[in-house]
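Residues per chain are reported as follows:
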Amino acid sequence: MTGPSDTEDVSTEHSSVSAWMRALGTATGNPGGGAASGLMLAIAAGLTAMVAGYTRTTHATEDASGRDSAEAAIAALRARAEARSELALRLADEDAHASRAFGGAFHLPAGVGRDEAIRAASIEAAAASARLGSHAVDAIDDLAWLTEHGNPALIADVAVAIGALRAAITGARTNVSFDLGSVRSAHGSLEEIRADEPRLWELVPVFDRALERIDRLAASIDPDAAPTDAAS
């Protein structure tokens, strides 16, 4: 049984849901928002795989000549989602590890060593969140395909997956931005970090555009996912 003293060893990939949730609710930050973002991506990917498993070629096309390609597309989509779900749990643990190093750097004695540790930990934490967020952005295309071609009886599950994916990208976007901004605690400037880490810096607007796309996707299926609300 996992108790409060075991929270340092909690793993998004390997712990039970109940143990992970207990750890999430403790004042340790392990797991925290970054790991939760990874879990949201895993949930979105799992639901994507499930809906794909329930989707038949007749949902994707009425053209007999196109059924073979539709079947291949469904199988490939499902395989991607299953792999992404597993990857997301590992990325959540990577994010948690980077977050622990990030927090530890701030507890070092003041001085050049602390500043260097904060800078390095901030960049690594941002990079961990960036990896997670980038995989979440990649998942949008598959959910978009399912909104159009997936089994219509499971459109509510697609809506839940969209919501979970939005949470994953929102978390990654915020963490990347926050971690990069934390370099100022090491007497750095945003201009310096923008020049030194352009790839990470430029991901924030990428995530913003992804969130806009997700919102459009959610709005496009709301009349089918929530028909009682649409009719009122």
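Residues numbered from 1 in each chain as written. Predicted model: local features only at pLDDT ≥ 70, side-chain atom pairs only at ≥ 80, totals over all residues. Heavy atoms only, no water.

Engineer: Just checking my understanding: could you explain the pattern of salt bridges for this structure?
Structural biologist: Opposite charge on two side chains permits pairing when their charged atoms draw close. By the definition in use, this model includes 9 salt bridges. Note that Arg80 is salt-bridged to Asp142, the shortest N-O span being 2.6 Å. Taken together, the residues span a long stretch of sequence, with Arg80 in helix H4 (residues 67-105) and Asp142 in helix H6 (residues 140-149) at a distance of 62 residues. On the basis of relative accessibility, which here comes to 39%, the residue Arg80 falls in the partly exposed class. Between Arg173 and Asp208 there is a salt bridge, and its shortest N-O distance comes to 2.7 Å. Remark: Asp208 occurs in helix H10 (residues 203-225) and Arg173 occurs in helix H7 (residues 155-181); sequence separation between them is 35 residues. Relative accessible area serves as the criterion here: at 25%, Arg173 is assigned to the partly exposed category. Judged by its relative accessible area of 27%, Asp208 falls in the partly exposed class. One salt-bridge network, held together by shared partners, links Arg80, Arg84 and Asp142. (Salt bridge = Lys/Arg side-chain N within 4 Å of Asp/Glu carboxyl O. Helix = DSSP H or I, 4+ residues; strand = E, 2+ residues; numbered from the N terminus. Buried < 20%, exposed > 50% of the residue type's maximum accessible area, 1.4 Å probe, protein only.)

Engineer: Explanation requested: the packing of aromatic side chains in the structure shown.
Structural biologist: Describing an aromatic ring pair means giving the distance of the ring centres and the angle of the ring planes. Scanning the entire structure with this criterion turns up 2 aromatic pairs. Judged by centre distance (5.1 Å) and plane angle (65°), the rings of Phe102 and Phe106 are edge-to-face. A relative accessible area of 14% means that Phe102 is categorised as buried. Among the aromatic residues, those joined into a ring-pair cluster are Phe102, Phe106 and Phe178. (Phe/Tyr/Trp six-rings, centres within 6.5 Å; stacked < 30°, edge-to-face > 60°.)

Engineer: Would you explain the nonpolar core in this entry?
Structural biologist: Note that soluble globular proteins tend to have their nonpolar side chains buried in a common cluster. Val158, Leu165 and Ile169 are the most contacted members of the largest nonpolar core, which has 45 residues in total. Ranked by the residues each element gives to this core, the list is headed by H7, at 11 residues. Residues within four places of Val158 in sequence aside, it is in contact with Val51, Leu143, Leu146, Thr147 and Ile221. Counting 8 residues, the second largest nonpolar core, distinct from the first, contains Ala98, Phe102, Ile118 and Ala186. (Core = buried A, V, L, I, M, F, W, Y, C linked by side-chain atoms within 4.5 Å. Contact = heavy atoms within 4.5 Å.)

By themselves, these figures tell us nothing about what the structure is for.
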